[in-house]
Amino acid sequence: MANPSLLILAGDGIGPEVMDEVKKVISWMGDNRGVTFDVSEDLVGGAAYDKHGVPLADATMDKAQEVDAVLLGAVGGPAYDDLDFSVKPERGLLRLRKEMDLFANLRPAQCFDALSDFSSLKPELVAGLDIMIVRELTSGVYFGEPRGIHIEDNMRVGVNTQRYTEAEIERGARAAFELAMKRDKKLCSMEKANVMESGILWRDVVTEVSADYPQVELSHMYADNGAMQLVRAPKQFDVIYTDNLFGDILSDCAAMLTGSLGMLPSASLGLPMANGRPKAMYEPVHGSAPDITGMGKANPIACILSFAMALRYSFDMGDEATMVENAVEKVLADGARTADLMGPEGGTPISTTQMGDAILAALGAAA
Ligand code: IPM
Ligand code: MG
């Protein structure tokens, strides 16, 4: 069988720095686990705009459709803030999600024991936290038509449309129920059925799908209450299923509970390809962090854990994924901390590269 293929789109800001550490882990898998990845690289976001005048070239889009998985770093930065909306770096990312049809965005929020003091919540509220947010990623207000800014009665009007078909709600719900089956069998669906018709449909469709998953305990929550519950008592949740916009917000909120946005990976999955693997893109939840770009301060863990998710969800390498996750846990337990993980008691942070090397060393020691 051909080697598994990866397309790396490191993007902007700290994207390339954290991706350099991931490349070491990819090579390690080739040297130590006998799985050699065919890796190609290309541009996305501002980096693509600088070269091609668009945040994602058509040729890059074609490549993304062909590979087994895409690894993305981050997009955006102040240099691109004033660009026309249609060529902003974020449009490159949204094009990938839409054209690859990556409807199920998995955003786990796990609190490592060594970091429970770093959460904005009391340690006992987050110790052992392990929740999975499934965010619908290809529809809703991010893509709904009509949209735009137009003039009405001499006044500018901004329009976006929240739109969901039952098929869109259903396929994401199935992904969420399947995950719940492999976890604690609890699913909480979040919408605003009290004010939005799309929320009423969401609740109805998720309830219909639940008939196929009688073992999963389904609950419904308004998304605003969900946000409150996430910061009040996050351990009540196992899997959360929610729409594109609410998922964007709730996943940042959940991420912060774990101590740092620099820790959280994500997987965006679509339909199975001819080889049985799902269309897939893996990216850290954090952004391009222009304030620390090029300073060696970025935490590469979110990006490395995103590659671990690729091992698990694209390449059926669950053992290797666990090895990477354990290596991360080990270095944190041993006290390795990048700048974002400096608690009030201070200490000396290690660099992006040092964190990557520590994780490799832990992998090596465990193997
Ligand atoms: C995310 C990001 C993106 C989003 C931006 C960069 C377009 O915030 O992945 O959560 O809004 O989806
Ligand atoms: Mg976001």
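Residues numbered from 1 in each chain as written. Chains lettered and ligands numbered in written order. Predicted model: local features only at pLDDT ≥ 70, side-chain atom pairs only at ≥ 80, totals over all residues. Heavy atoms only, no water.

Novice: Looking at this structure, how should I read the domain arrangement of the chain?
Specialist: Interface size is commonly expressed as the accessible area that is lost once the parts come together. Here the chain is partitioned into domain 1 (1–108 + 262–367) and domain 2 (130–257). Summarising the inter-unit geometry, the C-alpha centres of domain 1 and domain 2 are found 25 Å apart. Summing both partners gives a buried area of about 1,600 Å² for domain 1 against domain 2, and 61% of it is carried by carbon and sulfur. A salt bridge links Asp101 to Arg171, with the shortest nitrogen-to-oxygen separation between them at 2.8 Å. (Domains from an automatic or database assignment. Buried area = accessible area lost by both parts, 1.4 Å probe. Salt bridge = Lys/Arg side-chain N within 4 Å of Asp/Glu carboxyl O.)

Novice: What is the right way to read the nonpolar core from this model?
Specialist: Across soluble globular proteins, nonpolar side chains show a tendency to be buried alongside one another. In terms of nonpolar packing, the biggest core is built from 91 residues, with Phe37, Leu71, Tyr241, Tyr282, Phe307 and Leu332 touching the most fellow members. A per-element tally of this core places helix 10 (residues 301–313) first, with nine residues. Beyond its immediate stretch of four places on either side in the chain, Tyr282 contacts Ala69, Val70, Leu71, Leu72, Ser266, Ala267, Leu269, Ser306, Met309, Ala310, Tyr313 and Ser314. One finds Val44, Val70, Leu102 and Met281 within the second-largest nonpolar core, a separate group that totals 15 residues. (Core = buried A, V, L, I, M, F, W, Y, C linked by side-chain atoms within 4.5 Å. Buried < 20%, exposed > 50% of the residue type's maximum accessible area, 1.4 Å probe, protein only. Helix = DSSP H or I, 4+ residues; strand = E, 2+ residues; numbered from the N terminus. Contact = heavy atoms within 4.5 Å.)

Novice: Could you clarify how one ought to interpret the site of ligand 1 in this entry?
Specialist: All residues adjacent to ligand 1 are Glu90, Leu93, Arg97, Arg107, Arg135, Tyr142 and Asp248. The contact in question runs from an oxygen atom of ligand 1 to an N or O atom on the side chain of Arg97, over 2.7 Å. Here Arg107 contributes a side-chain N or O atom positioned 2.8 Å from an oxygen atom of ligand 1. Computed on the free molecule, ligand 1 has an accessible area of 320 Å², of which 76% lies beneath the protein chains in the complex. Ranked by residues supplied to the shell around ligand 1, first place goes to helix 4 (residues 89–99) with three residues. Looking at the shell around ligand 1, its residues break down into two nonpolar, no polar and five charged. Structurally, the shell around ligand 1 is a two-domain feature, drawing no fewer than three residues from each of domain 1 (1–108 + 262–367) and domain 2 (130–257). (Near = heavy atom within 4 Å. Polar contact = N/O pair within 3.5 Å; in protein donor to acceptor, adjacent residues only side chain to side chain. Areas by Shrake-Rupley, 256 points an atom, 1.4 Å probe, with all protein chains shown as cover. Nonpolar A, V, L, I, M, F, W, Y, C, P; charged D, E, K, R; others polar.)

Novice: I tried to follow the environment of Ser288 on my own but got confused; where do I start?
Specialist: Take Ser288: it is sitting in the loop between strand 12 (278–282) and helix 10. Under the relative-accessibility criterion, Ser288 is labelled buried at 7%. Between the C-alpha atoms of Ser288 and Gly76, which are 212 residues apart in sequence, the distance is 6.1 Å. Leave out the neighbours within four places in its chain, and Ser288 touches Asp12, Gly13, Ile14, Ala74, Val75, Gly76, Gly77 and Thr293. From its side chain, Ser288 meets the backbone oxygen of Gly76 in a polar contact 2.8 Å long.

Novice: What is the right way to look at the pattern of salt bridges in this model?
Specialist: Two side chains carrying opposite charge are able to pair once their charged atoms lie near each other. If you walk through the whole model with that rule in mind, you get 20 salt bridges. We note a salt bridge from Asp238 to Arg183, for which the minimum N-O separation is 2.9 Å. You can see Asp238 sitting in the loop between helix 8 (223–232) and strand 10 (239–242) and its partner Arg183 sitting in the loop between helix 6 (166–182) and strand 8 (186–191), a full 55 residues away along the chain. On the accessibility criterion, Asp238 (4% relative accessible area) is buried.

Novice: What is the right way to read the pairing of strand 10 from this model?
Specialist: In regular strands, side chains alternate between the two faces of the sheet. Burial of the side chains of strand 10 extends over both faces: Val239 and Tyr241 are buried on one face and Ile240 and Thr242 on the other. As defined by bridge partners, strand 5 (residues 130–136) adjoins strand 10 across four bridges and the pair is classed as parallel. Considered in strand 10, the bridge of Val134 is made with Tyr241. (Pairing = 2+ DSSP bridges.)

Novice: Sorry if this is basic, but what is going on with helix 9 (residues 244–257) here?
Specialist: Because an α-helix packs 3.6 residues into every turn, residues spaced three or four apart end up facing the same way. Look at helix 9: 20 Å from first C-alpha to last across 14 residues, which is about the 20 Å you get at 1.5 Å a residue. A distance of 3.1 Å separates the backbone nitrogen of Leu245 from a side-chain oxygen at the start of helix 9, and that oxygen is part of Asp243. The first or second residue beyond helix 9 is Gly259, which carries a positive phi of 115°. (Expected span 1.5 Å × (residues − 1).)

Novice: Would you take a moment to explain the side chain of Asn244 for this structure?
Specialist: Note that Asn244 resides in helix 9. Its relative accessible area of 0% is what places Asn244 among the buried residues. Here Arg135 takes part through its side chain, which lies 2.8 Å from a polar atom of the side chain of Asn244. Beyond its immediate chain neighbours, meaning those up to four positions away, Asn244 contacts Arg135, Glu136, Leu137, Thr138, Ser139, Tyr142, Phe143 and Tyr164.

Novice: Would you explain the side chain of Ser116 in this entry?
Specialist: If you trace the backbone, Ser116 turns up in the loop between strand 4 (104–110) and helix 5 (123–126). Given a relative accessible area of 11%, Ser116 falls into the buried group. Setting aside chain neighbours within four positions, we find Ser116 in contact with Cys111, Pro123, Val126 and Ala127.

Novice: What is the right way to read helix 6 from this model?
Specialist: Between its first and last C-alpha, helix 6 extends 25 Å over 17 residues, near the 24 Å set by a 1.5 Å rise per residue. Of all the residues in helix 6, the buried ones are Glu168, Ile169, Gly172, Ala173, Ala176, Phe177, Leu179 and Ala180. Projected down its long axis, helix 6 shows its buried positions confined to an angular sector of 160°, all on one face. When the buried face of helix 6 is taken as reference, the exposed residues oriented beyond 90 degrees from it are Ala167 and Lys182. (Arc of directions from axis to C-beta.)

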